[in-house]
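Spelled out, the chains give:
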Amino acid sequence: DSGVTQTPKHLITATGQRVTLRCSPRSGDLSVYWYQQSLDQGLQFLIHYYNGEERAKGNILERFSAQQFPDLHSELNLSSLELGDSALYFCASSVGTVGEKLFFGSGTQLSVL
Amino acid sequence: AQTVTQSQPEMSVQEAETVTLSCTYDTSESDYYLFWYKQPPSRQMILVIRQEAYKQQNATENRFSVNFQKAAKSFSLKISDSQLGDAAMYFCAYRSASFTGANSKLTFGKGITLSVRP
């Protein structure tokens, strides 16, 4: 168990809908990262938050947004969903220092039908 | 931008034997960190090993060790005494030592699927 909690584990929804994925980092971790894993694109970095502030953006679509709350949990919001958004979405957390290890949650499997 | 390449999509090893998974990367930085992550069928991403670029000594974690060749930008993972539980997808990843902006992320390779034959 990595100590990173992601909910829900599975999500099935329809095109055009909006969903929210939730991540609780390990106790004491200030950094939260979101990754998307799909068969064709591999593991793609979406966004990084550190202590409530956005630190870096990767290949995140405009239809997607995220935030990190004062209690350090994070949410990834996906809207106007398309079939191609079906993927495994990972959250990872770390203390927030150079070179440290990232600890991953078990992911949320999103299926858009 | 940094890139990570894992050119072998699949590998197979006999139980109790040794296997080496290859990874190359491209960067203009001199200070960085390299990682191998394992993703078993459960989908959980599990850290296997980490290497600091400024260290010449290769990292070792029990049956797992790396061969880090900085000049060649090569970072291979050796698994000794392979076990059935080692069957998984293995990802090589790069992280800049500069913890600023986009450099804070991990950049992953496409992964290698390792199967272990009993």
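Here the structure is shown first, and the text comes after it.
It should be emphasised that the depicted structure is a prediction, and the values quoted were computed from it without experimental measurement. Residue numbers here run from 1 along each chain, matching the order of that chain's written sequence. Ligands are numbered from 1 and chains lettered from A, in the order in which they are written. Note on the predicted model: pLDDT of at least 70 is required for a residue's local features to be given, and 80 or more for side-chain atom pairs to be given and counted; whole-chain, interface and lining totals, by contrast, use all residues. To get the side-chain values, all heavy atoms of the structure are used, and hydrogens and water are removed first.

Of regular secondary structure, chain A possesses zero helices and eleven strands. Comment: elements are numbered from the N terminus, with helices defined as DSSP H or I runs of at least four residues and strands as E runs of at least two. Secondary structure elements of chain A, listed N to C terminal, follow the sequence β-β-β-β-β-β-β-β-β-β-β. Only C-alpha atoms enter the radius of gyration; for comparison, a globular chain is expected to reach 2.2 Å times N to the power 0.38, where N is the number of residues. Relative to its length of 113 residues, chain A is compact, with a C-alpha radius of gyration of 13 Å against a globular reference of 13 Å. By residue count, 54% of the 113 residues in chain A fall in the buried class. Any two residues whose heavy atoms approach within 4.5 Å at even a single point are treated as in contact. For chain A, the proportion of contacts with a sequence separation of at least 24, taken over those separated by at least 6, is 54%. Only protein chains enter the accessibility calculation, which uses a 1.4 Å probe; a residue is then buried when its area is under 20% of its type maximum, exposed when over 50%, and partly exposed in between.

As a further point, take the pairing of strand S9 (residues 87–94) of chain A. All names here are of chain A. With eight of eight residues buried, S9 is to be regarded as a mostly interior element. Burial of the side chains of S9 extends over both faces: Ala87, Tyr89, Cys91 and Ser93 are buried on one face and Leu88, Phe90, Ala92 and Ser94 on the other. Both S9 and strand S11 (residues 108–112) contribute to a ladder of three bridges, which runs antiparallel. Note that in S11 the partner of Leu88 across the bridge is Gln109. What makes two strands pair is DSSP finding at least two bridges between them.

On to the environment of Thr3 of chain B. Residue and element names in this part refer to chain B. On the secondary structure map, Thr3 appears in strand S1 (residues 3–5). As for Thr3 and Phe35, which are separated by 32 residues in sequence, their C-alpha atoms are 13 Å apart. Not counting the four nearest positions on each side in its chain, Thr3 is found in contact with Thr24, Tyr25 and Asp26.

Our focus in this paragraph is the sheet that holds strand S3 (residues 19–24) of chain A. Sheet strands associate in pairs through backbone hydrogen bonding, adopting either a parallel or an antiparallel arrangement. Residues and elements named next belong to chain A. What the four strands build is an open sheet, ordered S1-S3-S8-S7; its pairing is antiparallel. Unpaired on one side and paired on the other, strand S1 (5–7) and strand S7 (64–68) mark the two borders of the sheet. The mean inter-strand angle of the sheet, taken between neighbouring strand axes irrespective of direction, is 15 degrees. Across three bridges, S1 lies against S3 in antiparallel orientation. Within S3, the position partnered with Gln6 by the bridge is Cys23. What counts as an axis is a line fitted to C-alpha atoms, over the stretch in contact for a helix, and the angles between N-to-C directions run from 0 to 180 degrees.

This next bit is on the interface of chain B and chain A. Between chain B and chain A, the residue contacts involve 20 residues of the former and 29 residues of the latter. Here, a salt bridge means any Lys or Arg side-chain nitrogen found within 4 Å of an Asp or Glu carboxyl oxygen. Here chain B is connected to chain A by zero salt bridges. The term polar contact refers here to a pair of N or O atoms within 3.5 Å; inside protein, the definition further demands a hydrogen-donor-capable atom paired with an acceptor-capable atom, and it admits residues adjacent in sequence only when both atoms are side-chain atoms. The interface formed by chain B and chain A includes seven residue pairs in polar contact (both at pLDDT 80 or more). Contributions of two or more residues to the side of chain B that touches chain A are made by strand S5 (32–39), strand S6 (46–52), strand S10 (88–96) and strand S11 (106–108) of chain B. Looking at which element gives the most residues to the side of chain B that touches chain A, the answer is S5 of chain B, with four residues. Grouping the amino acids of the side of chain B that touches chain A by side-chain chemistry returns eleven nonpolar, four polar and five charged. Note on residue classes: Ala, Val, Leu, Ile, Met, Phe, Trp, Tyr, Cys and Pro are nonpolar, Asp, Glu, Lys and Arg are charged, and everything else, Gly too, is polar.

Let us look at the nonpolar core. If you look at the biggest cluster of nonpolar residues, it comprises 26 residues, and the most contacted ones within it are Leu21, Tyr25, Trp36, Phe75, Leu77, Ile79 and Tyr90 of chain B. At the level of elements, strand S3 (19–21), S5, S6, strand S8 (64–69), strand S9 (74–79), S10 and strand S12 (112–117) of chain B are the ones that each hand at least two residues to this core. Sorting elements by how many residues they give to this core places S10 of chain B first, with four residues. Judged by nonpolar contacts, the second largest core, of 21 residues, contains Tyr49, Ala66, Tyr89 and Cys91 of chain A. Here, the term nonpolar core denotes a set of buried Ala, Val, Leu, Ile, Met, Phe, Trp, Tyr and Cys residues that are joined through side-chain atoms within 4.5 Å.

Note that a disulfide, as used here, is simply two cysteine sulfur atoms within 2.5 Å. Applying the stated criterion across every chain, the model contains two disulfides over all chains. Disulfide pairing is shown between Cys23 of chain A and Cys91 of chain A; the S-S distance is 1.7 Å. Its S-S torsion of approximately -45 degrees makes the covalent link between Cys23 of chain A and Cys91 of chain A left-handed. Taken together, the residues span a long stretch of sequence, with Cys23 of chain A in strand S3 and Cys91 of chain A in strand S9 at a distance of 68 residues. Across the pair, exposure class does not vary: Cys23 of chain A and Cys91 of chain A are buried alike. Through a disulfide, Cys23 of chain B is tied to Cys92 of chain B; the S-S separation comes to 2.0 Å. Between Cys23 of chain B and Cys92 of chain B, the S-S torsion sits near -70 degrees, and that sign places the bridge as left-handed.

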